[in-house]
Amino acid sequence: MPRPIIIDCDPGHDDAIAILLALAHPEELEIRGITTVGGNQILDKITDNALKVLSFVNADIPVAKGAAGPLFGKLVTGEEAHGESGMDGPVLPASKFKPVEQGAVEFMLGLIRASEEPVTLVPLAPLTNIALLITAYPEVKNKIKEISLMGGGLAYGNVTSTAEFNIFVDPEAARIVYESGIPIVMSGLDVTDKAAIFEEEILELKQKGPVSVMVGELLDFYSIYGKKMGYVGNALHDPCAVAWLVHPELFQSEHLYVTVETEGKLTRGMTVADRRKKPDRQPNVQVLTGVDREAFMKLLFDSLERLDRKLSAAAGVNN
Ligand code: BDR
Ligand code: CA
């Protein structure tokens, strides 16, 4: 039986790749719905991006729009990395699908309540929607199996020296989620920076089928910012949170008590772990710390090839 999941996202180049990765594994993952939240770009843009990605691969999965901005204060977007559209690069056809009428919180609530088995949440963006859900309807926590999220970093940040983007955008929401008692698997910068794709691999993708080529084009744009920032390779942040669900054996991890700093001048949005031998609290987070990069890349390439074949078969083309 595939594991029921809800993906909460802000596509976002790496969000789009994460969605495709999940779609390529129907035996392991059943995407019951996708919710969107203001993050890499404003809500309307990233929702449209999510719908375009789904349309590209003919995946009619319900999408619900969520919070336009964080619980407090104004939205900070990731335009510098993700461009004006939030997913600059390939020119994708207009979406065939529309978002559902319900907002993200009610939509998630309905899916979770209706599900026979507990649902796994996969947040790849600021945690606003998830915090709103579990604050308004705390009883749903019992029906959430776990949360495999992309966010944070124990060693360093990427927006400030201490804070990673998804947590930085809405630290109050992140704190609610981290302290919720729901088991969390954290793909933070500690692991996602190690899941980097290199230029020659991007070139390789662009020699393949339509989905791989589209991802190659996404990464061409994404790598412009990476180069500017002096990164070696392009970190595939969000796909880590999905890859862990499909192949957890590719990752190394530590179980730690982690929460979120909401006040510090230098540390607002930092994920703080208690590494003492005798921490005050029990571990609440499985922090991913390492990944077999080669195996992760193979998983990604094979997954995209699966989607390439599906698309070609649907179009009646024999590859
Ligand atoms: C995270 O921030 C966003 O820009 C990416 O989509 C990813 O979720 C990385 O810090
Ligand atoms: Ca994201």
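Residues numbered from 1 in each chain as written. Chains lettered and ligands numbered in written order. Predicted model: local features only at pLDDT ≥ 70, side-chain atom pairs only at ≥ 80, totals over all residues. Heavy atoms only, no water.

Peer 1: An account of the coordination of the calcium ion (ligand 2) is requested, with residue identities and associated values reported.
Peer 2: Listed as protein donors to the calcium ion (ligand 2) are Asp-10 (OD), Asp-15 (OD), Asp-15 (OD), Leu-124 (O) and Asp-238 (OD); their distances from the metal cover 2.3 to 2.5 Å. Written as a sequence motif, the donor residues of the calcium ion (ligand 2) are D-x4-D-x108-L-x113-D. Here Asp-15, found in helix α1 (residues 13–23), pairs with Leu-124, found in the loop between β4 (119–123) and α5 (128–136); they are 109 residues apart in sequence, far enough to count as distant. (Donors = N, O, S within 2.8 Å, 3.2 Å for Na, K, Ca; no water. Helix = DSSP H or I, 4+ residues; strand = E, 2+ residues; numbered from the N terminus.)

Peer 1: Requested: an account of the layout of surface pockets, with residues and values cited.
Peer 2: Its boundaries defined by the atoms lining it, the largest pocket holds a volume of some 580 Å³. Taken together, 33 residues line the largest pocket, and the ones lying closest to its centre are Ala-81, Asn-158, Tyr-225, Tyr-231 and His-237. Contributions of two or more residues to the lining of the largest pocket are made by α1, α3 (79–82), α6 (165–169), α10 (210–228), β8 (234–235) and α11 (237–246). In this structure, the second largest pocket spans a volume of roughly 160 Å³. Considering the residues around the second largest pocket, the lining is formed by Asp-44, Lys-45, Asp-48, Asn-49, Lys-52, Ser-85, Met-87, Asp-88, Gly-89, Pro-90, Val-91 and Leu-92. Taken together, the residues of the lining of the second largest pocket break down into 4 nonpolar, 3 polar and 5 charged. (1 Å grid on protein atoms, 1.4 Å probe; cavity = no way out; pocket = protein on both sides within 12 Å on 5 of 7 lines; lining within 4 Å. Points joined across faces, edges and corners; volume = space filled by probe spheres on them. Nonpolar A, V, L, I, M, F, W, Y, C, P; charged D, E, K, R; others polar.)

Peer 1: Tell me about unusual backbone geometry, and please be specific about residues and values.
Peer 2: Cis geometry is adopted by the peptide bond preceding Gly-12, which originates at Pro-11 and carries an omega value of 0°. Along the chain, Gly-12 falls in the loop between β1 (3–9) and α1. With a phi angle near 55°, Asn-58 is a residue other than glycine that sits in the positive phi range. Structurally, Asn-58 can be placed in the loop between α2 (43–56) and β3 (63–65).

Peer 1: Would you mind going over the pattern of salt bridges in detail, with residue names and values included?
Peer 2: Where side chains of opposite charge bring their charged atoms close, a pairing between them can arise. Scanning the entire structure with this criterion turns up 19 salt bridges. Taking the shortest distance from any N to any O, the salt bridge between Glu-146 and Arg-3 comes out at 2.7 Å. One end of the pair, Glu-146, is in strand β5 (residues 144–150); the other, Arg-3, is in strand β1, with 143 residues separating them in the sequence. Arg-3 matches Glu-146 in its accessibility class, with the two residues each being buried. The partner of Lys-228 in a salt bridge is Glu-80, with the nearest N and O atoms 2.9 Å apart. With Lys-228 in helix α10 and Glu-80 in helix α3, this pair connects stretches of sequence that are 148 residues apart. Take Lys-228: its relative accessible area is 59%, and that puts it in the exposed class. Among the charged side chains, a salt-bridge network with shared partners connects Glu-201, Arg-293 and Glu-294. (Salt bridge = Lys/Arg side-chain N within 4 Å of Asp/Glu carboxyl O. Buried < 20%, exposed > 50% of the residue type's maximum accessible area, 1.4 Å probe, protein only.)

Peer 1: Lay out the pairing of strand β11 (residues 285–291) in plain terms, naming residues and giving numbers.
Peer 2: Among the 7 residues that make up β11, 6 are buried, leaving the element largely enclosed by the rest of the structure. Direction of pairing for strand β6 (residues 184–187) relative to β11: parallel, over a ladder of 3 bridges. Across the sheet, Ile-184 pairs through a bridge with Val-285, a residue of β11. In the sheet, strand β9 (residues 251–260) pairs with β11 via 6 bridges, with the strands oriented antiparallel. Along β11, the bridge assignment pairs Ser-253 with Leu-288. (Pairing = 2+ DSSP bridges.)

Peer 1: Describe the environment of Glu-27, listing the residues and the values that go with them.
Peer 2: By the secondary structure assignment, Glu-27 is in the loop between α1 and β2 (29–36). Relative accessible area serves as the criterion here: at 47%, Glu-27 is assigned to the partly exposed category. Sequence separation of Glu-27 and Pro-2 is 25 residues, and the distance between their C-alpha atoms is 5.4 Å. Not counting chain neighbours up to four residues away, the residues in contact with Glu-27 comprise Met-1, Pro-2 and Arg-306. Within the local environment of Glu-27, its side chain forms a polar contact with the side chain of Arg-306, the two groups lying 3.2 Å apart. (Contact = heavy atoms within 4.5 Å. Polar contact = N/O pair within 3.5 Å; in protein donor to acceptor, adjacent residues only side chain to side chain.)

Peer 1: With reference to specific residues and values, describe the site of ligand 1.
Peer 2: By nearness alone, every residue bordering ligand 1 is listed as Asp-14, Asp-15, Asn-40, His-82, Leu-124, Met-150, Asn-158, Glu-164, Phe-165, Asn-166, His-237 and Asp-238. In the model, an oxygen atom of ligand 1 is placed 2.9 Å from a nitrogen or oxygen of the His-82 side chain. Residue Leu-124 places a main-chain N or O atom 3.1 Å away from an oxygen atom belonging to ligand 1. Considering ligand 1 on its own, with 280 Å² of exposed area, one finds that the protein chains cover 95% of that surface. (Near = heavy atom within 4 Å. Areas by Shrake-Rupley, 256 points an atom, 1.4 Å probe, with all protein chains shown as cover.)

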